[in-house]
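An overview of the molecular structure
Residues per chain are reported as follows:
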Amino acid sequence: MARNARTATRTAKGRAARPAARPRPTVDLDRFLPEIGQIKDKALADKVRAVWADLWARSEFRDFAKVPTSGSIAYPNIPHTRSVIAMACAIADTYARFHGIGTDRDVLLAACLLQDASKLVEYRPKKGGGVEKTEIGKNYPHAFSAAQSALAHGVPMSVVHIILTHSPSAAKFPQSLEGKIIYYADQLDVIAIHGDDFVKEQMIYRR
Ligand SMILES: [Fe+2]
């Protein structure tokens, strides 16, 4: 940890002692993400909280509200996550209303809540402003850390599968309906807060 002149103290011999580690700021997670309270399975809701707490404890960010959506999208991650939750639930409700197609709301909520939690450890504040990728961000696929923590905390595989596949950068496409809803809702929200990165390419195939 870097020395901090403001918190450094002096030993009896006058040498500067190592500064005391600054305690991690505590975060009222349910205030930032009240949708956790909508998960009916209270044990699953607690696992979602535990994953966020685990990643926050390992994060180099100190202001939870300022963690960005990505290195190229400075927009804060929390309203992005909440918007994806709202859109995903609206799509699931529409499927049920018009087609009678059911989805697992707890899986949908837990996966939405955790899909971008890894941003806490994939990026860190950069000197002079902005963010940069951490070693985790450079070396592992996006969402790897949230998936790893979710498995360690007993989050069901159906949720972990969506965490790992929710991004276009993932190796696999989500297999479940809940995962597909989140995949597209996430991309729709990125269009709102950042812009449309998709391009249409026309392919002409020989017979
Ligand atoms: Fe993501």
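Above this text is the structure in question.
Let us look at the structure shown here. (Residues numbered from 1 in each chain as written. Predicted model: local features only at pLDDT ≥ 70, side-chain atom pairs only at ≥ 80, totals over all residues.)

Before going further, it helps to examine unusual backbone geometry. In this structure, Ala 143 takes a positive phi of about 80° despite not being glycine. Looking at where Ala 143 falls in the secondary structure, it is placed in the loop between helix H6 (135-139) and helix H7 (144-152). (Helix = DSSP H or I, 4+ residues; strand = E, 2+ residues; numbered from the N terminus.)

Moving on, we come to the nonpolar core. Residues Ala 110, Ala 111, Leu 114, Val 159 and Ile 163 are the most contacted members of the largest nonpolar core, which totals 40 residues. Residue assignment for this core shows that the elements contributing at least two residues are helix H2 (42-58), helix H3 (77-99), helix H4 (105-114), helix H5 (119-122), H7, helix H8 (157-165) and helix H9 (177-193). Here this core gets eight residues from one element, more than from any other, and that element is H4. Beyond its immediate sequence surroundings of up to four residues, Ala 110 is in contact with Ile 39, Leu 44, Val 48, Val 155 and Val 159. (Core = buried A, V, L, I, M, F, W, Y, C linked by C-beta atoms within 7 Å. Buried ≥ 20, exposed ≤ 12 C-beta atoms within 10 Å, placed from the backbone. Contact = placed C-beta atoms within 7 Å.)

All right, on to the packing of H4 against H9 then. As a packed pair, H4 and H9 sit with axes 10 Å apart at the nearest point and diverge in direction by 40°. The angle between H4 and H9 falls in the class oblique. Seen along the crossing, H4 lies across H9 with a hand that is right-handed. Only Glu 178, Gly 179, Ile 181 and Ile 182 of H9 make contact with H4, whose side of the interface consists of Val 107, Leu 108, Ala 111 and Cys 112. The residue makeup of the contact of H4 with H9, split by class, is six nonpolar, one polar and one charged. (Axes fitted to C-alpha atoms, helices over the stretch in contact; angles between N-to-C directions. Parallel < 35°, antiparallel > 145°, perpendicular 65-115°, else oblique. Left-handed = near helix turned anticlockwise from the far one by under 90°. Nonpolar A, V, L, I, M, F, W, Y, C, P; charged D, E, K, R; others polar.)

Structurally, the position occupied by Gln 187 is in helix H9. By the C-beta count within 10 Å, which is 16 here, Gln 187 ends up partly exposed.

Turning our eyes to something else, we now look at the packing of H2 against H4. The N-to-C vectors of H2 and H4 enclose an angle of 5°; their axes lie 10 Å apart at closest approach. Relative to H4, the element H2 lies roughly parallel. On H4, the residues touching Leu 44, Val 48 and Val 51 of H2 are Asp 106, Ala 110, Leu 113 and Leu 114. Split by residue class, the contact of H2 with H4 holds six nonpolar, no polar and one charged.

Let us look at the environment of Ala 20. Here Ala 20 lies in the segment before helix H1 (29-32). On the basis of neighbour count, Ala 20 is assigned to the exposed category, with 10 C-beta atoms found within 10 Å. With 47 residues separating them in the primary sequence, Ala 20 and Val 67 have C-alpha atoms 25 Å apart.

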